[in-house]
Amino acid sequence: MQRIVIVGAGMAGGRAAVELRKRGFEGDVVLVGAEAHRPYDRPPLSKAVLTGRIDDTTIPLTLDGVEVVTGRRATALRPGTLETDGGPLAYDGLVLATGSDPIPLPGDGPVRVLRTVDDALGLREVLRPGLRLVIVGAGWIGAEVATTAAAAGVEVTVVEAADTPLRAALGAEIGAHTIDWYTRAGVTLRLGVSVERTTADGLVLAGGELLPADEILVGIGARPDLGWLADSGLVLDRGIVVDEYLAATWSGVDGPPVVAVGDCAAWWSRRYERRLRVEHWDCA
Ligand SMILES: Cc1cc2nc3c(=O)[nH]c(=O)nc-3n(C[C@H](O)[C@H](O)[C@H](O)COP(=O)(O)OP(=O)(O)OC[C@H]3O[C@@H](n4cnc5c(N)ncnc54)[C@H](O)[C@@H]3O)c2cc1C
């Protein structure tokens, strides 16, 4: 193998580049990322970045001898060729580390999400006493943003479709213990409430109620963007399907080795004997 291209310059992509060099790969390594930034950590975005303690979470990776191409998005994949918005790149080994993207809500209202450092800095900028912030989703990001915003004097309402926060992540029983976090932070938590759509004035809830908002943050989960891989011939199933060694499979075509890692990978767990896709920093 002479040239390994890594798509996605986040935690998993950056670590893959470092490991390739550490383990003695001497060919070209090209790390291609859609964002303008070199690999950075996302967990602090909803914590220390939002509270203003830090601005920069760049990961101190040794990327000597790695060609880092930022601001370049992969748009399609063929065996041996990666199409990007800056032209094609040839590869004879490929690492897919494209993470996941926030799930959108229907509607035409201006909404914010919190996935990138630019999202976090933009949100931090608008938090001010008296602002009416409505957060859709009482997951981890919803909880973290709600408590930080409330501490900054923002009037925060969190709307959650399930009957407890964090139900999907922790189950109803444990999730119920976090209701108190919202109460103590002075956040209005509305459980069992579904959102129909966003509008310029706020949220239209199921049943027709308009919940007014100056800012809306949508935090209802994330999923990998697989659209650009749809015609690639790689096997996909709510993630890039990989085996226990993170190797992907070409279907109907012969192609060079491809692995997927991090949030985008649906890997076979020998321990649980099923496919897992885990959106956690440790996993990436
Ligand atoms: C606000 C926030 C808080 C979090 N807090 C925690 C926490 O407390 N604990 C925890 O364990 N996890 C947390 N996570 C999850 C954790 O950050 C992710 O699991 C981790 O970042 C996944 O790393 P990754 O490299 O797979 O993907 P990402 O970090 O998402 O990186 C993927 C990169 O690929 C780029 N990309 C996507 N598509 C393309 C394309 N077609 N071409 C080129 N580049 C592309 C993206 O722009 C992105 O830069 C948090 C996530 C967020 C957003």
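Computed from a predicted structure; not experimentally measured.

1. What to know about the pairing of strand β9 (residues 132-136)
For β9, the buried fraction is high: four of the five residues fall into the buried class. Bridge analysis of β9 against strand β10 (residues 155-160) gives five bridges, and the strand direction is parallel. By the bridge assignment for β10, isoleucine 135 is matched with valine 158. Between the parallel pair β9 and β10, the chain is carried across by helix α4 (residues 140-151), and the sense of this crossover is right-handed. In this structure, β9 lies alongside strand β15 (residues 215-218), joined through four bridges in parallel fashion. Note that in β15 the partner of isoleucine 135 across the bridge is leucine 217.

2. So, helix α1 (residues 11-22)
For an α-helix the count is 3.6 residues per turn, leaving residues at separations of three or four pointing the same way. The terminal C-alpha atoms of α1 lie 16 Å apart, and with 12 residues this matches the ideal 16 Å at 1.5 Å per residue to within 8%. Along α1, the positions that sit buried rather than exposed are Met11, Ala12, Gly13, Gly14, Ala16, Ala17, Val18 and Leu20.

3. Comments concerning α4
Taking 1.5 Å of rise per residue, the 12 residues of α4 would be expected to cover 16 Å, and the 17 Å separating its terminal C-alpha atoms lies within 8% of that figure. All of the buried residues along α4 are Gly142, Ala143, Glu144, Val145, Ala146, Thr148, Ala149 and Ala150. Buried positions along α4 lie against α2 (48-51), α3 (117-126), β9, β10, α7 (179-185) and β15. Phi turns positive, to about 90 degrees, at glycine 153, one or two residues after α4.

4. Let's talk about the sheet that holds strand β19 (residues 265-269)
Strand order in the open sheet formed by three strands is β17-β19-β20, and the pairing between neighbours is mixed. With one partner strand each, in any of the chains shown, β17 (240-242) and β20 (274-276) form the two edges of the open sheet. Put simply, the sheet's adjacent strands are angled 30 degrees from each other on average, direction ignored.

5. A word on the site of the ligand
Around the ligand, the structure places 31 residues, and the nearest of them are Glu35, Arg42, Lys47, Arg115 and Asp263. Measuring from an oxygen atom of the ligand, one finds a backbone N or O atom of methionine 11 at 3.2 Å. Within the side chain of glutamate 35, an N or O atom sits 2.6 Å from an oxygen atom of the ligand. Contact with the protein chains removes 89% of the 990 Å² of surface that the ligand exposes when unbound. Residues from two domains meet in the shell around the ligand; each of domain 1 (3-100 + 224-276) and domain 2 (103-218) gives at least three.

Analysis parameters
Residues numbered from 1 in each chain as written. Predicted model: local features only at pLDDT ≥ 70, side-chain atom pairs only at ≥ 80, totals over all residues. Heavy atoms only, no water. Buried < 20%, exposed > 50% of the residue type's maximum accessible area, 1.4 Å probe, protein only. Helix = DSSP H or I, 4+ residues; strand = E, 2+ residues; numbered from the N terminus. Pairing = 2+ DSSP bridges. Right-handed = clockwise from strand over helix to strand, strands pointing away. Expected span 1.5 Å × (residues − 1). Contact = heavy atoms within 4.5 Å. Axes fitted to C-alpha atoms, helices over the stretch in contact; angles between N-to-C directions. Near = heavy atom within 4 Å. Polar contact = N/O pair within 3.5 Å; in protein donor to acceptor, adjacent residues only side chain to side chain. Areas by Shrake-Rupley, 256 points an atom, 1.4 Å probe, with all protein chains shown as cover. Domains from an automatic or database assignment.

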